[in-house]
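# Observations on chain architecture
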Amino acid sequence: MKTIDWNSLDAGARAAALARPGGGDQDAIEAAVKRVFEQVRADGDVALRALTRRFDGVELGTFEVTAEEFAEAEAAVTPALRAAMVEARGRLLAWHRAGAGQGFEMETAPGVSCGRILRPIARVGLYVPAGSAPLPSTALMLGVPAEVAGCADVVLCTPPRADGRADPAVLVAAALCGIRRVFKLGGAQAIAAMALGTDSVPRCDKLFGPGNRYVTAAKQLAAMMAGGPAIDMPAGPSEVLVIADAGAPPVHVAADLLSQAEHGPDSQVVLATDSAELIEAVRVEVERQLAGLPRADIARQALAHARLVKVDTLAEAFALSNEYAPEHLILALREPRAWLDAVTSAGSVFLGDFAPEGLGDYCSGTNHVLPTNGAARAWSGVSVASFQKAISFQQVSREGLAAIGPCAVEMARAEGLEAHAQSVLRRLEDAA
């Protein structure tokens with residue numbers, strides 16, 4: 001892990017020091033994804049079978065998970081894991097219901113009533129990764145807000161295992177959210193299927209879920225298609241930034257860094273602190289904990305991109321963090337709540353020594369599908385609103401038209417749009 005003295009660097013060196021790790025030639029990734037879309041557009045299910053054979057090493061006759069497979073998944077998942085998922089789902093439901101938006105109506109002028117109604121997106125497509133590790137938690141994180149929003153048609157894609165089955169825990173999590181249309185498809189081909197539609201997979205109106213760089217590129221390509229689906233956000237390789245003071249327990253900070261490093265080789269972990277002593281203690285503790293991790297090889301590759309940043313003040317650490325805009329931000333501080341107002345860009349924030357990022361990944365109640373790669377400067381994590389459309393409306397009486405019509409006429413003529421002005425003037429004449 002590289003140690004950086006923040007105040008010895010100029011602006012360019014600071015940007016370079018915190019650059020996200022590359023995941024290969026982006027142009028090559030986008031070209032490969034475009035070829036996948038072209039294949040699926042041309043050959044539909046035939047292309048999906050060929051791509052699944054090539055990338056997953058599995059020959060599938062049909063993609064959709066059957067009722068029998070759902071039943072077998074229920075039997076395969078331990079009671080303890082199922083109970084944990086039920087418990088986590090309960091907190092997710094409570095949090096998403098509390099944060100759900102509401103419609104409203106108000107009088108903006110006498111006789112002019114304007115409002116907004118919320119409607120669920122009709123058909124949504126959820127992507128649940130299962131590369132080096134299946135993620136049933138992601139099925140809950142996407143399924144619960146879709147359920148609260150009232151989406152009538154929910155489609156879920158997840159990569160097949162070597163035996164041609166979907167991961168049982170992912171299926172159980174999907175079923176807990178009322179999702180029964182699950183397809184054994186992964187990678188860019190899954191996104192292409194949900195974006196374009198095939199004989200087997202229905203075309204979706206909006207796509208959700210994290211994934212590797214190919215999945216992220218596929219979602220972005222889908223969103224650029226004429227008439228294509230919307231997407232939730234750019235959500236690629238995972239990342240965490242920890243802001244810690246001298247009182248932070250090194251064992252906790254090291255564990256937080258490793259919890260993200262084990263996601264994949266292209267994950268990035270950053271520590272920013274005003275304590276040089278903490279940096280050295282965390283470095284030692286990371287090596288000690290790393291030795292006992294089953295995914296130590298993956299974590300060690302990610303740690304090559306890790307940064308241990310020494311700042312002079314915590315205020316500098318927050319300025320650094322807001323520019324970096326991390327997916328996960330952990331405040332390992334003695335008074336974390338006092339610093340919350342200093343956070344302007346982050347996917348999700350964890351306050352204090354007893355709020356590890358792992359709780360947010362699974363069961364605290366907040367959502368773990370979050371913007372990455374600096375997208376948190378403008379994007380938010382998945383919520384109920386992500387699965388809804390907000391539709392405005394207005395109702396105008398004769399008196400209301402008389403009150404605000406001249407305003408519209410004046411502005412329309414200023415823009416050279418006389419037909420707009422006439423649409424108001426003709427009604428004003430009738431009303432008079």
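These lines cover the structure that appears in this document, whether it is placed above or below.

Definitions and cut-offs
Residues numbered from 1 in each chain as written. Predicted model: local features only at pLDDT ≥ 70, side-chain atom pairs only at ≥ 80, totals over all residues. Heavy atoms only, no water. Helix = DSSP H or I, 4+ residues; strand = E, 2+ residues; numbered from the N terminus. Buried < 20%, exposed > 50% of the residue type's maximum accessible area, 1.4 Å probe, protein only. Contact = heavy atoms within 4.5 Å. Phe/Tyr/Trp six-rings, centres within 6.5 Å; stacked < 30°, edge-to-face > 60°. Lys NZ or Arg CZ within 6 Å of the ring centre and 35° of its normal. Pairing = 2+ DSSP bridges. Axes fitted to C-alpha atoms, helices over the stretch in contact; angles between N-to-C directions.

## Some details on the environment of Val144
- Within the secondary structure, Val144 is located in helix α5 (residues 136–149).
- Taking the relative accessible area as the measure of exposure, Val144 reaches 0% and is therefore buried.
- Taking the C-alpha atoms as reference, Val144 lies 9.2 Å from Ala174; in sequence the two are 30 residues apart.
- Setting aside chain neighbours within four positions, we find Val144 in contact with Arg89, Leu92, Leu93, His96 and Cys177.

## Here we look at the packing of aromatic side chains
- Applying the stated criterion across every chain, the model contains two aromatic pairs.
- Plain terms: the ring middles of Phe208 and Phe387 are 3.9 Å apart, the flat faces sit at 5° to each other, and that makes the pair stacked. Of the two residues, Phe208 sits in strand β7 (residues 206–208) while Phe387 sits in the loop between α13 (357–362) and β14 (388–396), which places them 179 residues apart along the sequence.
- Classification of Phe208 by relative accessible area gives buried; the value is 1%.
- Over the ring of Tyr324 we find Arg20; its NZ or CZ atom is 3.6 Å from the centre of that ring.
- For Arg180, the ring lying beneath its charged end belongs to Phe70, and the centroid distance is 4.5 Å.

## With respect to the pairing of strand β13 (residues 348–351)
- Residues of β13 alternate between two faces, with Ser348 and Phe350 buried on one and Val349 and Leu351 left unburied on the opposite face.
- The sheet contact formed by strand β12 (residues 328–332) and β13 spans four bridges and is parallel. Looking across to β13, one finds that His328 is bridged to Ser348.

## With respect to the sheet that holds strand β1 (residues 2–5)
- Spatial ordering of the open sheet is given by β1-β11-β10-β9-β12-β13, a layout of six strands whose pairing is parallel. Since the sheet does not close on itself, it has two edges, and those belong to β1 and β13, each with one partner. Across the sheet, the mean angle from the axis of one strand to that of its neighbour is 20°, orientation sign disregarded.
- Sheet topology places strand β9 (residues 239–244) next to β12; five bridges connect them, and they run parallel. Of the residues in β12, the one forming a bridge with Ala244 is Ala332.
- Contacting β9, β10 (268–273), β11 (307–310) and β12, helix α9 (residues 250–261) runs over the sheet at an angle of about 170° to β9.
- In the packing of helix α12 (residues 314–324) onto the sheet, the strands contacted are β9, β10, β11 and β12, and the crossing angle to β9 comes to about 165°.

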